Amino acid sequence: MEIAYLVNQGLKRRTNQDFAATFKNTSGQTLAIVADGMGGHLAGDVASKMAVEELGANFSKTHFTQEESATRWFIQQLQEENERIYNKGQEEAKFFGMGTTVVAVIVFEEEFVMAHVGDSRGYLFRNNTLRQITTDHSLVQELVNEGEITQEMARKHPQKNVVTRSVGMPGTLEVDVLAMKYEPGDTLLMCSDGLTNMVLDEDILTVLQQEKSLEEKATTLVNMANENGGTDNITVMLVNFKEGGAHD
């Protein structure tokens, strides 16, 4: 397995509220996380950094033997992190209302478990095709689901950045989790909406099909987002499954 990721401020934002990292646990399994913070001033930075670092620290102590245990862990950890971030926002005025999206994956020997909250996305690149495997928790996605607008209209909708779920909301957080077997040669793309709002899926696919290193592909995708306007922070995380298992 090979991982490359890149976090970029973009061209329009004064701060970078995206955060990403990878972690290993006691059995050598990998957790990769992308978070896109929201909230005024530095609050988004705080929320995304809290989510990534605290999940990573807790993951480093784990040892999973099966996919079901990772699923339960994701739900519990993200619900607890939701409460921590919400409470911090209540305790300090400068952090009021802060939150973050999260898309994260735990890799096993033959499969992966992915969790997500918000509109940061997970894609699977397999056999030269690209498929979004997460569903955005956003207002425009709900409108698409209800048949009120098309996916193309959603891309240009004035409220396309309104999320319906985030880590840091009051109450019990609903977490989407999926498990899937991977095949040698598969690549996972996890990204913030700073990429997908600027670069079409078909253009992302073209980059992933190229004979480049993962680092070069991540850089190319970030550069494309900036060339198309760079209106938001941009994070790209690529996880490639080679022959020989998850711990290569």
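The number of helices and strands found in the chain is 7 helices and 10 strands. Taking 18 Å as the expected radius of gyration for a compact globule of 248 residues, we find that the chain reaches 17 Å, a close match to that expectation. For the chain, the spread of C-alpha atoms along the principal axes amounts to about 50 × 40 × 35 Å. Taking all 248 residues of the chain together, 52% fall into the buried category. Put simply, of all contacts in the chain between residues at least 6 apart along the chain, 72% involve residues at least 24 apart. Of the accessible surface of the chain, which amounts to about 11300 Å², a share of 47% is contributed by carbon and sulfur atoms. Across the chain, the 21 positively charged side chains and the 37 negatively charged ones have centroids separated by 4 Å.

Taking 1.5 Å as the rise per residue, helix H7 (residues 214–227) with 14 residues should run 20 Å; its terminal C-alpha atoms sit 20 Å apart, in good agreement. Taken together, the buried positions of H7 are Leu 214, Lys 217, Ala 218, Thr 220, Leu 221, Val 222, Met 224, Ala 225 and Asn 226. The inward-facing, buried residues of H7 abut strand E1 (2–8), helix H5 (193–196), helix H6 (201–208) and strand E10 (234–240). Immediately beyond the C-terminal end of H7, within one or two residues, lies Gly 229, with a positive phi of roughly 135°.

In this structure, Asn 127 is a non-glycine residue whose phi angle is positive, near 50°. Position of Asn 127 relative to the elements: it lies in the loop between strand E6 (121–126) and strand E7 (129–132). Phi is positive for Asn 128, which is not a glycine, with a value near 65°. Tracing the backbone through its elements, the reader meets Asn 128 in the loop between E6 and E7.

Moving on, we come to the pattern of salt bridges. Inspection of every chain in the model, using the stated rule, returns 11 salt bridges. For Arg 84, the salt bridge goes to Glu 81, with nearest N and O atoms at 2.6 Å. Of the two residues, Arg 84 and Glu 81 are both situated in helix H2 (residues 67–91); the distance of 3 residues between them amounts to about one turn of the helix. Across the salt bridge formed by Arg 126 and Asp 186, the nearest N and O atoms sit 2.7 Å from each other.

A packed helix pair is summarised by two numbers, namely the angle formed by the two axes and the spacing between the axes. Orientation of helix H1 (residues 43–59) relative to H2, taken along the N-to-C sense of each, is 140°, at an axis distance of 10 Å. Classed by the angle they form, the pair H1 and H2 counts as oblique. By crossing handedness, the relation of H1 to H2 is classed as right-handed. Counting all contacts with H1, which are made through Val 46, Ala 47, Met 50, Ala 51, Glu 54, Leu 55, Asn 58 and Phe 59, the residues of H2 involved are Trp 73, Gln 77, Leu 78, Glu 81, Arg 84, Ile 85 and Lys 88. The residue makeup of the contact of H1 with H2, split by class, is 9 nonpolar, 2 polar and 4 charged.

This part is about the nonpolar core. Counting residues in hydrophobic clusters, the biggest one holds 29 residues, and the most contacted among them are Leu 31, Phe 74, Leu 78, Val 102 and Ile 106. Ranked by the residues each element gives to this core, the list is headed by H1, at 7 residues. Setting aside residues no more than four positions away along its own chain, Phe 74 makes contact with Leu 31, Ala 104, Val 105, Ile 106, Val 113, Met 114, Ala 115 and Val 177. Judged by nonpolar contacts, the second largest core, of 21 residues, contains Ala 4, Leu 189, Leu 221 and Met 224.

This brings us to the sheet that holds E7. Strand pairing in a sheet takes place through backbone hydrogen bonds and is either antiparallel or parallel in direction. Spatially, 5 strands are ordered E1-E10-E9-E6-E7 in an open sheet, and the strand pairing comes out antiparallel. The open sheet has two free edges, formed respectively by E1 and E7, since each of these has just one partner strand. On average, each strand axis in the sheet is tilted by 15° relative to the strand beside it, whichever way the strands run. Bridge count between E1 and E10: 7 bridges; the pairing is antiparallel. Pairing of Ile 3 across the sheet is with Val 239, part of E10. Lying over the sheet, H6 contacts E6, E7, strand E9 (187–191) and E10, oriented at roughly 130° with respect to E7. This element, H7, spans E1 and E10 of the sheet and lies at about 25° to E1.

We now examine H6. Buried within H6 we find Ile 204, Leu 205, Val 207 and Leu 208. Down the axis of H6, the buried side of the element spans an arc of 160°, and every buried residue falls inside it. Packing partners of the buried residues in H6 comprise E6, E7, E9, H5, H7 and E10.

Rules used throughout
Residues numbered from 1 in each chain as written. Predicted model: local features only at pLDDT ≥ 70, side-chain atom pairs only at ≥ 80, totals over all residues. Heavy atoms only, no water. Helix = DSSP H or I, 4+ residues; strand = E, 2+ residues; numbered from the N terminus. Rg over C-alpha atoms; globule rule 2.2 N^0.38 Å. Buried < 20%, exposed > 50% of the residue type's maximum accessible area, 1.4 Å probe, protein only. Contact = heavy atoms within 4.5 Å. Areas by Shrake-Rupley, 256 points an atom, 1.4 Å probe, with all protein chains shown as cover. Lys, Arg positive; Asp, Glu negative; His and termini not counted. Charge placed at Lys NZ, Arg CZ, Asp CG, Glu CD. Expected span 1.5 Å × (residues − 1). Salt bridge = Lys/Arg side-chain N within 4 Å of Asp/Glu carboxyl O. Axes fitted to C-alpha atoms, helices over the stretch in contact; angles between N-to-C directions. Parallel < 35°, antiparallel > 145°, perpendicular 65-115°, else oblique. Left-handed = near helix turned anticlockwise from the far one by under 90°. Nonpolar A, V, L, I, M, F, W, Y, C, P; charged D, E, K, R; others polar. Core = buried A, V, L, I, M, F, W, Y, C linked by side-chain atoms within 4.5 Å. Pairing = 2+ DSSP bridges. Arc of directions from axis to C-beta.

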